[in-house]
Amino acid sequence: MKSSDKIYVAGHRGLVGRAIVRLLRARGFNRVITRLRSELDLRDQSANFLAREKPNLVVLAAARVGGIKANSEAPVEFLIENVEVQNNVICAAYESGVRKLIFLGSSCIYPKLAPQPIPESALLTGPLEPTNEAYAIAKIAGIKLCQAFAQEYGANFVSAMPTNLYGPGDNFDLETSHVLAALLRKAHEAKINRDRELVVWGTGEPRREFLHVDDLASAILFLLQNYDSPEIINVGCGEDISIRCLAELICEIVGFEGDLSWDRSKPDGTPGKLLDASKIGKLGWKPFIPLRDGIAQTYDWFVKHGAGQFANI
Ligand code: GDP
């Protein structure tokens, strides 16, 4: 990888794409290209765009993503939009002669009851978690398409599987967000409103692993520079936490001193999805941002940028 490489980051307005663009530019990659959704519909205009721009590298971070509620209520959109975008971008990348592409999957591609921590070899060894099955099937189709291009045409298309992500620029909409952003916002609003309790979904027992998006960006740059294989590779921090402990930690960081209450009518989802990240670890990559620091930094960002935007206080 050279600093003169032209790099297309698809999905640069999302949590992940934003962080990748930030890091690439900070590291001196001055030919990063991006397009707004209003300028380029990746579902059917990728071929023309990539044929014209001819980037050397593509990072495919464009996807319809969402938390447990959005995923379980809109399986049609999660399945169709993700398959359409990834099929178009991956095929167009091959046709336009892209040297390397990184496709981003998710830890939810693994079976609901996969062994913990989850090794890459667990893929397609058992039934998926129903609340995010449509999204997982779409991502598995993306992995298989990258591997098929590698096998049939020798393409250097890499599939990275990040664990649950969080950080500045996250989605704080309570209907569609993931748990960490949702609880940061709920705790903030409960503190301002002087509420006595904060409602958390489910039982609090499921465990999740959280990786700061800047650590994921560093892993993607590392994979661009050091990993050329169609075999999927996990990206995680190696530690998980129960939703109950996460909620307590967030309340402490935000300064909300009321009680937690549990809405058991909401789904728990998969009991655990801690990734086995030893493969990328052995290659020499490691994360740097401890969970507490990452949450505090994300909370600062939310107070400066997001709290007004999403306020119903
Ligand atoms: P998942 O990792 O695909 O299950 O997605 P989420 O990040 O949306 O949810 C993770 C866990 O947090 C699930 O067990 C949820 O029920 C739980 N959870 C607790 N409170 C909330 C909340 O306010 N929003 C969301 N999205 N999840 C919550």
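Residues numbered from 1 in each chain as written. Predicted model: local features only at pLDDT ≥ 70, side-chain atom pairs only at ≥ 80, totals over all residues. Heavy atoms only, no water.

**Q** Now, about the packing of aromatic side chains: what can you tell me, with residues and values included?
**A** For any two aromatic rings, the description comes down to two numbers: the centre-to-centre distance and the angle of the planes. This model, assessed by the stated rule, comprises eight aromatic pairs. Members of the aromatic cluster, connected to one another through ring pairs, are Tyr94, Phe149, Tyr153 and Phe157. Cation over ring: Arg64 sits above Phe78, and NZ or CZ is 5.3 Å from the ring centre. (Phe/Tyr/Trp six-rings, centres within 6.5 Å; stacked < 30°, edge-to-face > 60°. Lys NZ or Arg CZ within 6 Å of the ring centre and 35° of its normal.)

**Q** Just give me the short version of unusual backbone geometry, but keep the residues and values in it.
**A** Between Gln116 and Pro117 the backbone carries a cis peptide bond, its omega angle lying at -10°. Structurally, the position occupied by Pro117 is in the loop between β4 (100-104) and α5 (133-153). Residue Leu124 is not a glycine yet carries a positive backbone phi of 60°. By the element assignment, Leu124 lies in the loop between β4 and α5. The backbone phi angle of Arg194 is positive, close to 55°, even though this residue is not glycine. Structurally, Arg194 is set in the loop between α6 (179-192) and β7 (197-201). (Helix = DSSP H or I, 4+ residues; strand = E, 2+ residues; numbered from the N terminus.)

**Q** Describe in detail the pattern of salt bridges, supporting the description with residues and values.
**A** By the definition in use, this model includes 14 salt bridges. The salt bridge involving Asp5 is made with Arg99; its shortest N-O contact spans 2.8 Å. With a gap of 94 residues between them, Asp5 in the segment before β1 (7-10) and Arg99 in the loop between α4 (75-95) and β4 connect regions that are remote in the sequence. Here Asp5 falls in the buried class, since its relative accessible area comes to 1%. Ionic pairing is found between Arg292 and Glu252, a salt bridge with its closest N-O pair at 3.1 Å. On the criterion of sequence distance, the pair formed by Arg292 in helix α10 (residues 291-310) and Glu252 in helix α8 (residues 243-254) is long-range, its members being 40 residues apart. Residue classification places Arg292 among the partly exposed positions, given a relative accessible area of 41%. For Glu252, a relative accessible area of 52% corresponds to the exposed category. Among the charged side chains, a network of salt bridges with common partners joins Lys6, Arg35 and Glu53. (Salt bridge = Lys/Arg side-chain N within 4 Å of Asp/Glu carboxyl O. Buried < 20%, exposed > 50% of the residue type's maximum accessible area, 1.4 Å probe, protein only.)

**Q** Go over the pairing of β4, please, and point to the residues and values.
**A** Within β4, five of the five residues are buried, which leaves the element mostly enclosed by the surrounding structure. Side chains Lys100, Ile102 and Leu104 of β4 all project onto a buried face; the interleaved residues Leu101 and Phe103 project onto the opposite face, where all are buried too. Bridging between strand β3 (residues 57-60) and β4 involves four bridges; their strand directions are parallel. In the strand pairing of β4, Leu57 is matched with Lys100. With respect to chirality, the unit in which β4 leads through α5 into the neighbouring parallel strand β5 (residues 157-162) is right-handed. (Pairing = 2+ DSSP bridges. Right-handed = clockwise from strand over helix to strand, strands pointing away.)

**Q** Outline the site of the ligand, listing residues and values.
**A** The environment of the ligand is formed by 17 residues, the closest being Ile68, Lys186, Arg208, Pro267 and Asp268. In the model, an oxygen atom of the ligand is placed 3.1 Å from a nitrogen or oxygen of the Asn164 side chain. One nitrogen or oxygen atom from the main chain of Val179 is found 2.9 Å from an oxygen atom belonging to the ligand. Out of a free accessible area of 540 Å², the ligand has 98% covered by protein chains. Secondary-structure elements contributing two or more residues to the shell around the ligand are α6 and β7. Considering each element in turn, the shell around the ligand owes the most residues, three residues, to α6. (Near = heavy atom within 4 Å. Polar contact = N/O pair within 3.5 Å; in protein donor to acceptor, adjacent residues only side chain to side chain. Areas by Shrake-Rupley, 256 points an atom, 1.4 Å probe, with all protein chains shown as cover.)

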